Amino acid sequence: IGAPAARPLPALIVPDSRKISDLAKLIANNADAATKEEASKKLVAAAEFTSSQAWLDRMKSVVEEANRASKITTTPENFKAQLDLVQDEQMERLFGAMRIVGGRSAVEYCLVYSSTKTNTEARRVRALAALEGKLDQKVPSDVERILAIASADDTPDKVRDLAFARIGEIPREKVVGKLFDIFNNKKWQVRWVAAQVALKMSNTTQIPEFMGKLPGGKNLTNFAITEVLSYGDWMGNAKTVQEKEGKTAKAQLAPYLHDSSYVLRTIAIGYFYAYWTAADLPMLQQMEGDSMKIPKCDEKQKDCEWKCSVPKEGGKTEEKEIGTVGDFVKYCVVPAIKDRK
């Protein structure tokens, strides 16, 4: 029947319904825009009540009765965990339904919920998952709020990853400038994820722009070897345009091999780490004497050390600390190319 039959369905969306997913699919596939928005409002209302203390208080007797029927004795802590689990399961259904139905009301709710630090990490992740493909590019605050979640220092990693995934769904011209701003974050991991999103939405002609936005001062610390190797690899996967004009990733990065910034120099080498062949070794080995210093990371920065595994006698390896660009070439890049089939 289609849209006429779908119009009464939003009224069936109530907090404890286990058919919410089925209702969401019917509405998404058949309803008109007004009915979908009404369903979106009903889902938000159900989620607001389900996440409240009033809902937990109401569910106490239900869980107690289930425990008695199963002859289960619980401690206060275990009983609270049971309630939290029941609440989690219903919130998961509701966020899943919002992901199906969409609607402005659901988008607003999920943006607020995912940015609220007192909500659990798992639920914030589900709220961001529900926003997949739903952000409105015509609403500037949508972009601003999702970027704020991604760039906040105290955002949990799983929440940050989903926030950046949502950013990746937005056209480059609307977000790349904000992504570049995140490059100055004190945590290298935040810059790393922002850079990945920026490079995924870029082509090879935009590599110089990317390189120019990276913090590259000689006194810069907290720049990880993981960044160097990842950026170079990701640039090699960027879409090549204007190849006849020498706009390949290799051609774009070659000038940075002798840049005055250790950051940009090592990133260029990092590209060749991923894509160089044995035929390039003679030129690469000339760089083993490069004495440009690589500053040590702040001790508070996790996994930021510059180290590579080098072979020892007996087929074993040891971690070699990298102090210069030449060390990076000699102990990290050259062995990798020699081992490459």
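As a reminder, the structure under discussion sits directly above these lines.
Assignment of secondary structure puts Asn-119 in the loop between α6 (104-115) and α7 (121-130). Asn-119 gets classed as buried once you look at its relative accessible area, which sits at 19%. Side-chain polar atoms of Asn-119 contact the backbone oxygen of Tyr-113, separated by 3.0 Å. When sequence neighbours within four positions are dropped, the list of residues in contact with Asn-119 reads Tyr-113 and Arg-124.

The next thing to look at is unusual backbone geometry. Positive phi is not limited to glycine here, since Lys-71 has a value of about 55 degrees. Its place among the elements puts Lys-71 in the loop between α4 (53-69) and α5 (76-101). Backbone geometry at Asp-303 places phi at a positive 60 degrees, although glycine is not the residue there. Considering the arrangement of structural elements, one finds Asp-303 in the loop between α16 (281-285) and β1 (307-311). A relative accessible area of 48% means that Asp-303 is categorised as partly exposed.

This part takes up the nonpolar core. Counting residues in hydrophobic clusters, the biggest one holds 94 residues, and the most contacted among them are Met-98, Leu-179, Phe-210, Met-211 and Phe-328. The element that contributes the greatest number of residues to this core is helix α15 (residues 262-275), accounting for eight residues. Residues contacting Phe-210, with those up to four places away along its chain left out, are Phe-180, Phe-183, Ala-195, Leu-199, Tyr-231 and Met-235. Of all hydrophobic cores here, the second largest spans six residues; its members include Met-59, Val-63, Phe-79 and Leu-83.

By volume, the largest pocket amounts to about 290 Å³. Of all the secondary-structure elements, those providing two or more residues to the lining of the largest pocket are α9 (157-167) and α11 (188-200). The element contributing the most residues to the lining of the largest pocket is α11, with four residues. Classifying every residue of the lining of the largest pocket gives three nonpolar, three polar and six charged. One number sums up the size of the second largest pocket: a volume of about 200 Å³. What lines the second largest pocket is a set of 14 residues, and nearest its centre among them are Lys-296, Cys-297, Glu-305, Trp-306 and Glu-321.

What counts as what
Residues numbered from 1 in each chain as written. Predicted model: local features only at pLDDT ≥ 70, side-chain atom pairs only at ≥ 80, totals over all residues. Heavy atoms only, no water. Helix = DSSP H or I, 4+ residues; strand = E, 2+ residues; numbered from the N terminus. Buried < 20%, exposed > 50% of the residue type's maximum accessible area, 1.4 Å probe, protein only. Polar contact = N/O pair within 3.5 Å; in protein donor to acceptor, adjacent residues only side chain to side chain. Contact = heavy atoms within 4.5 Å. Core = buried A, V, L, I, M, F, W, Y, C linked by side-chain atoms within 4.5 Å. 1 Å grid on protein atoms, 1.4 Å probe; cavity = no way out; pocket = protein on both sides within 12 Å on 5 of 7 lines; lining within 4 Å. Points joined across faces, edges and corners; volume = space filled by probe spheres on them. Nonpolar A, V, L, I, M, F, W, Y, C, P; charged D, E, K, R; others polar.

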